[in-house]
Amino acid sequence: QVQLVESGGGLVQAGGSLRLSCAVSGSIFDIMGWYRQAPGKQRELVATITRGGTTVNADSVKGRFTISRDDAKGTVYLEMNSLKPEDTAVYYCNAKIWGVGSWDDYWGQGTQVTVSS
């Protein structure tokens, strides 16, 4: 059974740092990622990483956030530096695996990140 459990969220001042972790069980996924959803806004991509280590980052977080994965530990990380109030959101871990002709998507329950000005 697939399970994704996020941790590491919290309250931080602008300019500070946080590290999110997502413990994944049940499979090794082709693509792991982090998405976020702020109040009143749609969920948006933050960063993704493939099994080969190729990363994609949203323009809004380039140079500040770093995604990484450790498949031996079954964990994906999001290192967040130079945090801004506009980074405040619920952050969701996502895992994708190629099924029969399509991607199968799995989500964690989310972890709140609040950045105060």
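A. Expanded view of the side chain of Lys-96. For Lys-96, the location among the structural elements is in strand β9 (residues 89–98). Note on Lys-96: relative accessible area 16%, which makes it buried. Reaching out from Lys-96, the side chain makes a polar contact with the side chain of Asp-105 at a distance of 2.8 Å. Aside from chain neighbours lying at most four places away, what touches Lys-96 is Phe-29, Asp-30, Ile-31, Tyr-35, Trp-103, Asp-104 and Asp-105.

B. Main features of the sheet that holds strand β3 (residues 18–25). With antiparallel pairing, the 4 strands of this open sheet are ordered in space as β1-β3-β8-β7. Across the chains shown, the open sheet's two edge strands, defined by having one partner strand only, are β1 (3–7) and β7 (65–70). Across the sheet, the mean angle from the axis of one strand to that of its neighbour is 15°, orientation sign disregarded. Relative to β3, β1 is paired through 5 bridges, and the arrangement is antiparallel. Along β3, the bridge assignment pairs Gln-3 with Ser-25.

C. Region of interest: the state of the cysteines. Following the criterion strictly, the structure yields 1 disulfide and no others. The partner cysteine of Cys-22 in its disulfide is Cys-93, sulfur to sulfur 2.1 Å. When the S-S torsion is -85°, as for the bridge of Cys-22 with Cys-93, the disulfide is left-handed. Pair noted here: Cys-22 is in strand β3 and Cys-93 is in strand β9, with a separation of 71 residues, a long-range link.

D. Layout of unusual backbone geometry. Backbone geometry at Ser-82 places phi at a positive 50°, although glycine is not the residue there. Mapped onto the elements, Ser-82 comes out in the loop between β8 (75–80) and β9. Classification of Ser-82 by relative accessible area gives partly exposed; the value is 41%.

E. Seen up close, the pairing of strand β5 (residues 44–50). Sheet topology note: the strand β4 (residues 31–37)/β5 ladder contains 6 bridges and is antiparallel. Bridge pairing in β5 places Met-32 opposite Ile-49. Remark: 6 residues form the turn of the hairpin made by β4 and β5, two consecutive strands paired antiparallel; Gly-40 in that turn has positive phi of roughly 75°. Note that β5 and strand β6 (residues 55–57) share 3 bridges and pair antiparallel. By the bridge assignment for β6, Ala-47 is matched with Asn-57. Taking the residues between adjacent antiparallel strands as the criterion, β5 and β6 are bridged by 4 residues, where Gly-53 takes a positive phi near 95°.

Calculation rules
- Residue indices begin from 1 for each chain and proceed along its sequence in written order.
- Per-residue local features of the predicted model are confined to residues with pLDDT of at least 70, and side-chain atom pairs are confined, for both listing and counting, to 80 or more; whole-chain, interface and lining totals are unaffected and use all residues.
- Hydrogens and water are ignored here; the side-chain numbers use all heavy atoms of the structure.
- The way it works is that DSSP assigns letters per residue, a run of H or I at least four long becomes a helix, a run of E at least two long becomes a strand, and they are numbered from the N terminus.
- A simple rule labels every residue: compare its accessible area, found with a 1.4 Å probe on the protein chains alone, to the largest value its type can have, and call it buried under 20%, exposed over 50%, or partly exposed in between.
- Polar contacts here mean pairs of N or O atoms no more than 3.5 Å apart (in protein, one a potential hydrogen donor and the other a potential acceptor; neighbouring residues in sequence count only if both atoms are side-chain atoms).
- In what follows, a contact means two residues having at least one pair of non-hydrogen atoms within 4.5 Å.
- In this description, strands pair whenever DSSP reports at least two bridges between them.
- In this analysis an axis means a line fitted to C-alpha atoms, helices contributing only their contacting stretch, and an angle means the value between N-to-C directions, from 0 to 180 degrees.
- By definition, disulfides here are pairs of cysteine sulfur atoms that lie within 2.5 Å.

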